[in-house]
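Fold and contact review
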Amino acid sequence: MRFDGEWLECDDEIVRPVMRGEILTGIGVWRAFELLVDTGADRTVISANVLETLSLDTSQPHDRIAGVGGIVDSVNVRTQIRLTRDDGLKAVFRGNFAACTEHETLDMSVLGRDLLELFAVIVDRGADLVTIIGAQHRYSIHRA
């Protein structure tokens, strides 16, 4: 299984590793959105901008979200995130995900280690490569 991402120039003109995915809304429709590939993030977090378009039921979180900006307000949502594999098939990840409630908190949703640790993650700016690989794919590193 392989998922290919891209290096995306964001609004602040910084280029970041991103995966394009979909999230299931409360009315059963898949909505496209971008996920920052963040190997330092403990959890996948949905931005407030995306959350407000999803019509999902929310619940109070059991723990708090903290990052460089400090502790932020969040809620939990139960939903599904879908990524497209290199063969065109879709892989669905079901679970409880954190979501920010303030727009200033997070510009882009984050794909964190709760999902990334299921795979090998390759984020190589020089080779223009953002790839997540799992079963039936391997990689090797060679000295140039």
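Read on for an overview of the structure. Remember, it's a predicted structure, so these values are computed and weren't measured experimentally. (Residues numbered from 1 in each chain as written. Predicted model: local features only at pLDDT ≥ 70, side-chain atom pairs only at ≥ 80, totals over all residues. Heavy atoms only, no water.)

Attention now moves to the overall build of the protein chain. Of the regular secondary structure elements, the protein chain holds 2 helices and 13 strands. In terms of overall dimensions, the protein chain is globule-like: its C-alpha atoms have a radius of gyration of 15 Å, near the 15 Å expected for 144 residues. For the protein chain, the spread of C-alpha atoms along the three principal axes comes to 50 × 30 × 25 Å. Counting every position in the protein chain, which comprises 144 residues, the buried fraction comes to 41%. A separation threshold of at least 6 residues defines the contact pool for the protein chain, and within that pool the share at least 24 residues apart is 57%. Surface accessibility of the protein chain: about 8800 Å² in total, with carbon and sulfur atoms responsible for 47%. (Helix = DSSP H or I, 4+ residues; strand = E, 2+ residues; numbered from the N terminus. Rg over C-alpha atoms; globule rule 2.2 N^0.38 Å. Buried < 20%, exposed > 50% of the residue type's maximum accessible area, 1.4 Å probe, protein only. Contact = heavy atoms within 4.5 Å. Areas by Shrake-Rupley, 256 points an atom, 1.4 Å probe, with all protein chains shown as cover.)

With that settled, consider the packing of aromatic side chains. One pass over the structure, following the stated rule, counts 3 aromatic pairs. Arranged with centres 6.0 Å apart and planes meeting at 85 degrees, the rings of phenylalanine 93 and phenylalanine 119 form a pair that is edge-to-face. In this pair, phenylalanine 93 sits in strand β10 (residues 90–100) while phenylalanine 119 sits in the loop between α2 (113–116) and β12 (120–124), placing the two residues 26 residues apart along the sequence. Phenylalanine 119 carries the same exposure label as phenylalanine 93, and that label is buried. Following the ring pairs from residue to residue traces out a cluster consisting of Phe3, Phe93 and Phe119. (Phe/Tyr/Trp six-rings, centres within 6.5 Å; stacked < 30°, edge-to-face > 60°.)

Right, let's get into the pattern of salt bridges. One pass over the structure, following the stated rule, counts 9 salt bridges. Here glutamate 6 ties to arginine 20 by a salt bridge, and the two come within 2.7 Å at their closest N and O atoms. Note that glutamate 6 is positioned in strand β2 (residues 6–9) and arginine 20 in strand β3 (residues 15–24), a separation of 14 residues in sequence. For glutamate 6, a relative accessible area of 29% translates into the label partly exposed. Here aspartate 42 ties to arginine 113 by a salt bridge, and the two come within 2.8 Å at their closest N and O atoms. (Salt bridge = Lys/Arg side-chain N within 4 Å of Asp/Glu carboxyl O.)

This brings us to the sheet that holds strand β13 (residues 129–133). The strand order across the open sheet built from 3 strands is β1-β13-β12, with neighbouring strands paired in antiparallel fashion. At either end of the open sheet lies a strand with only one pairing partner, and these are β1 (2–4) and β12. Averaged over all adjacent pairs, the angle separating strand axes in this sheet is 15 degrees, with direction ignored. Note: β12 against β13, 5 bridges, orientation antiparallel. Along β13, the bridge assignment pairs valine 123 with valine 130. (Pairing = 2+ DSSP bridges. Axes fitted to C-alpha atoms, helices over the stretch in contact; angles between N-to-C directions.)

The full count for this structure, using the stated rule, is 1 cavity of 30 Å³ or more. When its volume is computed, the largest cavity comes out at roughly 40 Å³. If you trace the largest cavity, you find it lined by Leu83, Phe93, Leu111, Leu115, Leu116, Phe119 and Ile132. Across the lining of the largest cavity, the residue classes tally to 7 nonpolar, no polar and no charged. (1 Å grid on protein atoms, 1.4 Å probe; cavity = no way out; pocket = protein on both sides within 12 Å on 5 of 7 lines; lining within 4 Å. Points joined across faces, edges and corners; volume = space filled by probe spheres on them. Nonpolar A, V, L, I, M, F, W, Y, C, P; charged D, E, K, R; others polar.)

None of this, on its own, says anything about what the molecule does.
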